[in-house]
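Residue-level structure breakdown
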Amino acid sequence: MNSTTGTSAITTGTGGTWQVYVNSPSDYGTSLGDNLNSNTNAQWTAKSDANATVTTNSSNKKLTDYTDTSSNKFIFQVTPVITISGGSQQKTYGETLTDDDLKKLLTTSVAYTDSNKNPIDVTKFRMDVQSKCNSS
């Protein structure tokens, strides 16, 4: 998918919907731009049901067939991995740790492996796709 410009990158007829199938948000020069917002959650670890040649993604996860055309949707083959790590903290009996103290100990990352087996940190680029990690 090439960069898009204008107020609406994809136009459908009245009541129509669109689905964009891409291996990952960053492969092959993909640039989703600022005007492609499906207003739905992205579908991850999925492919078009018409694609019979690809069955697994770059993380060797089995891809599900995405067949729902009732809403606009981005469908990605990659599988994001969310990592949450906690730090070490000493506490003396009677001492209070606030929620903010505990939050400072946590680190998070969200990444996926692209088709070239490169890890991609999704926080490093802007993507206006509503992309919560939904997968079947």
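This structure is a prediction, so every number in the text was calculated from the model and none was measured.

Here we look at the overall build of the protein chain
In terms of helices and strands, the protein chain carries one helix and seven strands. If you list the helices and strands of the protein chain from N to C, you get β-β-β-β-β-α-β-β. Counting every position in the protein chain, which comprises 136 residues, the buried fraction comes to 29%. As presented, the protein chain carries roughly 8,800 Å² of accessible surface, and 47% of it is formed by carbon and sulfur atoms.

A closer look at the sheet that holds strand β6 (residues 106-113)
Across the sheet, three strands lie side by side as β5-β6-β7; this open sheet has antiparallel pairing. For this open sheet the edge positions go to β5 (81-86) and β7 (119-121), each flanked by a neighbour on one side alone. Between one strand and the next, the sheet's axes are offset by a mean angle of 35°, whatever the strand orientation. Both β5 and β6 contribute to a ladder of six bridges, which runs antiparallel.

Details of the pattern of salt bridges
Inspection of every chain in the model, using the stated rule, returns one salt bridge. Among the salt bridges present, the one from D65 reaches K47, with a minimum N-O distance of 2.5 Å. Of this pair, D65 sits in strand β3 (residues 64-66) while K47 sits in strand β2 (residues 46-48), and the two are 18 residues apart along the sequence.

What to know about the pairing of β6
Inspection of the sheet shows β6 paired to β7 by three bridges, in the antiparallel sense. Residue pairing for β7: T113 is matched across the bridge by P119. As consecutive antiparallel partners, β6 and β7 are separated by five residues, and within that stretch K117 has a phi angle of approximately 70°, a positive value.

Details of the environment of T12
Residue placement: T12 occurs in the segment before β1 (19-22). Judged by its relative accessible area of 31%, T12 falls in the partly exposed class. Every residue in contact with T12, bar those within four places of it in the chain, is listed here: T17 and W18. Among the polar contacts listed, one links the side chain of T12 to the backbone oxygen of G16, at a separation of 3.2 Å.

Parameters and conventions
Residues numbered from 1 in each chain as written. Predicted model: local features only at pLDDT ≥ 70, side-chain atom pairs only at ≥ 80, totals over all residues. Heavy atoms only, no water. Helix = DSSP H or I, 4+ residues; strand = E, 2+ residues; numbered from the N terminus. Buried < 20%, exposed > 50% of the residue type's maximum accessible area, 1.4 Å probe, protein only. Areas by Shrake-Rupley, 256 points an atom, 1.4 Å probe, with all protein chains shown as cover. Pairing = 2+ DSSP bridges. Axes fitted to C-alpha atoms, helices over the stretch in contact; angles between N-to-C directions. Salt bridge = Lys/Arg side-chain N within 4 Å of Asp/Glu carboxyl O. Contact = heavy atoms within 4.5 Å. Polar contact = N/O pair within 3.5 Å; in protein donor to acceptor, adjacent residues only side chain to side chain.

Treat this as a map of the structure, not an account of what it does.
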